Amino acid sequence: MSQLKSTGLFLFMGTAFGAAFPAIKVGLADAPPLLFAALRYDLAALLLVAYAAIVLRDWRPRAQAEWLAVAAGGVLFIGGTGFLYLGQQYTTSGVSAIIYSLGPILTVAVAWLLLPDERLSRRALVGLLIGFLGVGLVVRPTPDALTNADLLGKMLVLVAITSVTIGTVTLRRIGAHVPTVKLTGLSLATGAIVLHAVSLLTGEPQAVRATPTFVAAYLYLALIASAVGFVAYFALLERVGPLQANLVVYLVPIVAAVVGWLWLGETLTGITLMGFLVIFAGFVLTKWTELVETTTGAWRVVTARRYGAGR
């Protein structure tokens, strides 16, 4: 039953996060990018902070470490996603999701730079280089593309996942043990404030067209992909650990590409798909030791259960 729940969480997250990319693309037709991102997190934060206050009776940061965790989560992890909204003005949902799949590989590099105890093996270094090669295939920064809006969009999405990754690793470095719902809600609120401020400072129009399509995309992003999705991610993280939880990012581009094709008529080129496979190969090489240990451990559990049942 526990394995079934973990599988259900994994599939839910892959679907919820994957469909979020086309939903963002659709919503951008009726709202400025940074304002759209801020409004999404406004509602999600309100729901989670209210739950933490009413049900958990614990919603305010107390120790300094909790304040730092909320700041890192809000500014880097949530606020950084503003670049994703900016980037998706110029590129497709599937391409954005593929670039985001670099996250687990980037985490290894950023952790090596920021966390004193982290070590980078030769295999992991080669995996990193392969992962970046995959991104190069997706982005393709050729001289002819330098003035192309599509390249700008891809680079903005790359900035977004870099910021999100730094935020994730910074949370690990701070080491604050904050309840999941509380940390998520307060980070969403902080990120929303940052995005609202930047939206105002950059002169974005502070208005949206509340078309039925926009409202549907907005509610999906705020409720399913944010409030429920982030809590589900942390629940899966607690159940199966970071390695297996992060595998969801390789289901996300598949969902994003399929939904983008069905909903928006988007397509992916062969070289972009090749780039995704190269990124995944880089992830496998980077995490080879952990993957072998996880697979071996799972096989031992299955074997032990079968042996026990046979007896």
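Treat the numbers as computed from the prediction; the structure is a model and nothing was measured.

Undergrad: Just checking my understanding: could you explain the environment of R60 for this structure?
TA: Positionally, R60 belongs in the loop between helix 2 (33–54) and helix 3 (64–78). When its relative accessible area of 47% is taken as the criterion, R60 is described as partly exposed. For the pair R60 and L186, spaced 126 residues apart in sequence, the C-alpha to C-alpha distance is 8.2 Å.

Undergrad: I keep staring at the nonpolar core and nothing clicks. Help me out?
TA: Grouped burial of nonpolar side chains is what soluble globular proteins tend to show. F36, Y100, L188 and L221 are the most contacted members of the largest nonpolar core, which has 62 residues in total. In terms of residue count, the dominant contributor to this core is helix 10 (residues 212–240) (10 residues). What L188 contacts, discounting residues up to four positions off in sequence, is Y41, A44, A45, L48, I78 and F230. V49, V178, L183 and L186 belong to the second largest nonpolar core, which has 6 residues in total.

Undergrad: Looking at this model, I keep getting lost on helix 13 (residues 270–286). Mind explaining?
TA: Spacing of three or four residues puts side chains on the same side of an α-helix, whose turn is 3.6 residues. An ideal rise of 1.5 Å per residue puts 24 Å on 17 residues; helix 13 measures up with 24 Å between its terminal C-alpha atoms. Taken as a whole, helix 13 has its buried residues at T272, G275, F276, V278, I279, G282, F283 and T286. Buried residues of helix 13, viewed axially, fall in a sector of 165 degrees; they line one side. Along helix 13, exposed side chains directed more than 90 degrees from the buried face belong to G270 and L277.

Undergrad: When you look at a nonpolar patch on the surface in this model, what are you seeing that I'm missing?
TA: The grouping of L47, V215, L219, L223, I224 and V228 at the surface amounts to a nonpolar patch, some 410 Å² of accessible area in total. By the element assignment, L47 lies in helix 2. Judged by its relative accessible area of 39%, L47 falls in the partly exposed class.

Undergrad: In this structure, what is going on with the confidence of the model for the chain? I would like to understand it.
TA: Detailed conclusions should not be drawn from predicted coordinates in areas where pLDDT is low. When pLDDT is averaged along the chain, the result is 85; 87% of the residues meet or exceed 70. At the level of individual helices and strands, the chain shows its lowest average pLDDT in helix 14 (residues 288–310), which scores 61, and its highest in helix 4 (residues 82–87), which scores 96.

Undergrad: Can you walk me through helix 6 (residues 103–114) in this structure?
TA: For helix 6, built from 12 residues, the straight-helix expectation of 16 Å at 1.5 Å per residue is met to within 8% by its first-to-last C-alpha distance of 16 Å. Burial runs high along helix 6: 9 of the 12 residues are buried. Of the residues making up helix 6, those classed as buried are G103, P104, I105, L106, T107, V108, A109, V110 and A111.

Undergrad: Explain the packing of aromatic side chains here, please?
TA: Note on aromatic pairs: each is described by the distance of the centres and the angle between the planes. The full count for this structure, using the stated rule, is 8 aromatic pairs. Aromatic rings pair up to connect F36, Y85, F214 and Y218 into one cluster.

Undergrad: Explain empty space enclosed by the protein to me, please; I cannot follow it from the model alone.
TA: If a probe as big as a water molecule is rolled over the atoms, it shows which places are left empty. Within the structure shown, the criterion is met by 1 cavity of 30 Å³ or more. Looking at the largest cavity, its volume works out to about 40 Å³. As for the largest cavity, its lining consists of T92, G94, A256, A257, G260, E266, T267 and L268. Broken down by element, the residue count for the lining of the largest cavity peaks at 3 residues, all from helix 12 (residues 252–264). Residues that form the lining of the largest cavity fall into these classes: 3 nonpolar, 4 polar and 1 charged.

Undergrad: Would you mind going over the side chain of T165 with me for this structure?
TA: Its location among the elements puts T165 in helix 8 (residues 149–174). Among all residues touching T165, those that are not within four sequence positions of it are G103, L106, T107 and V110.

Undergrad: Can you help me understand the packing of helix 7 (residues 122–139) against helix 13 in this one?
TA: Closest axis-to-axis distance for the helix 7/helix 13 pair is 7 Å, and the angle between their directions is 165 degrees. Taken together, the axes of helix 7 and helix 13 lie roughly antiparallel to each other. In this structure, helix 7 meets helix 13 at a crossing whose hand is left-handed. Residues R123, A124, V126, G127, L128, I130, G131, L133, G134, V135, L137 and V138 of helix 7 pack against I271, T272, M274, G275, F276, V278, I279, A281, G282, L285 and T286 of helix 13. Looking at side-chain class alone, the contact of helix 7 with helix 13 contains 15 nonpolar, 7 polar and 1 charged residues.

Undergrad: Just to check I follow, could you spell out the packing of helix 6 against helix 8 for this structure?
TA: For any two helices packed against each other, one specifies the crossing angle of their axes together with the interaxial distance. Across the interface, helix 6 lies against helix 8 with an axial gap of 9 Å and an inter-helix angle of 50 degrees. Classed by the angle they form, the pair helix 6 and helix 8 counts as oblique. Here helix 6 runs over helix 8; the crossing is right-handed. Facing G103, L106, T107, V110, A111 and L114 of helix 6, the residues of helix 8 in contact are I161, T162, T165, I166, V169, T170, R172 and R173. When the residues that make up the contact of helix 6 with helix 8 are grouped by side-chain class, the tally is 7 nonpolar, 5 polar and 2 charged.

Conventions we followed
- Residues numbered from 1 in each chain as written.
- Predicted model: local features only at pLDDT ≥ 70, side-chain atom pairs only at ≥ 80, totals over all residues.
- Heavy atoms only, no water.
- Helix = DSSP H or I, 4+ residues; strand = E, 2+ residues; numbered from the N terminus.
- Buried < 20%, exposed > 50% of the residue type's maximum accessible area, 1.4 Å probe, protein only.
- Core = buried A, V, L, I, M, F, W, Y, C linked by side-chain atoms within 4.5 Å.
- Contact = heavy atoms within 4.5 Å.
- Expected span 1.5 Å × (residues − 1).
- Arc of directions from axis to C-beta.
- Patch = residues over 30% accessible without salt bridge, like charges linked within 9 Å, V, L, I, M, F, W, Y side chains within 5 Å.
- Areas by Shrake-Rupley, 256 points an atom, 1.4 Å probe, with all protein chains shown as cover.
- Salt bridge = Lys/Arg side-chain N within 4 Å of Asp/Glu carboxyl O.
- pLDDT = per-residue confidence, 0-100.
- Phe/Tyr/Trp six-rings, centres within 6.5 Å; stacked < 30°, edge-to-face > 60°.
- 1 Å grid on protein atoms, 1.4 Å probe; cavity = no way out; pocket = protein on both sides within 12 Å on 5 of 7 lines; lining within 4 Å.
- Points joined across faces, edges and corners; volume = space filled by probe spheres on them.
- Nonpolar A, V, L, I, M, F, W, Y, C, P; charged D, E, K, R; others polar.
- Axes fitted to C-alpha atoms, helices over the stretch in contact; angles between N-to-C directions.
- Parallel < 35°, antiparallel > 145°, perpendicular 65-115°, else oblique.
- Left-handed = near helix turned anticlockwise from the far one by under 90°.

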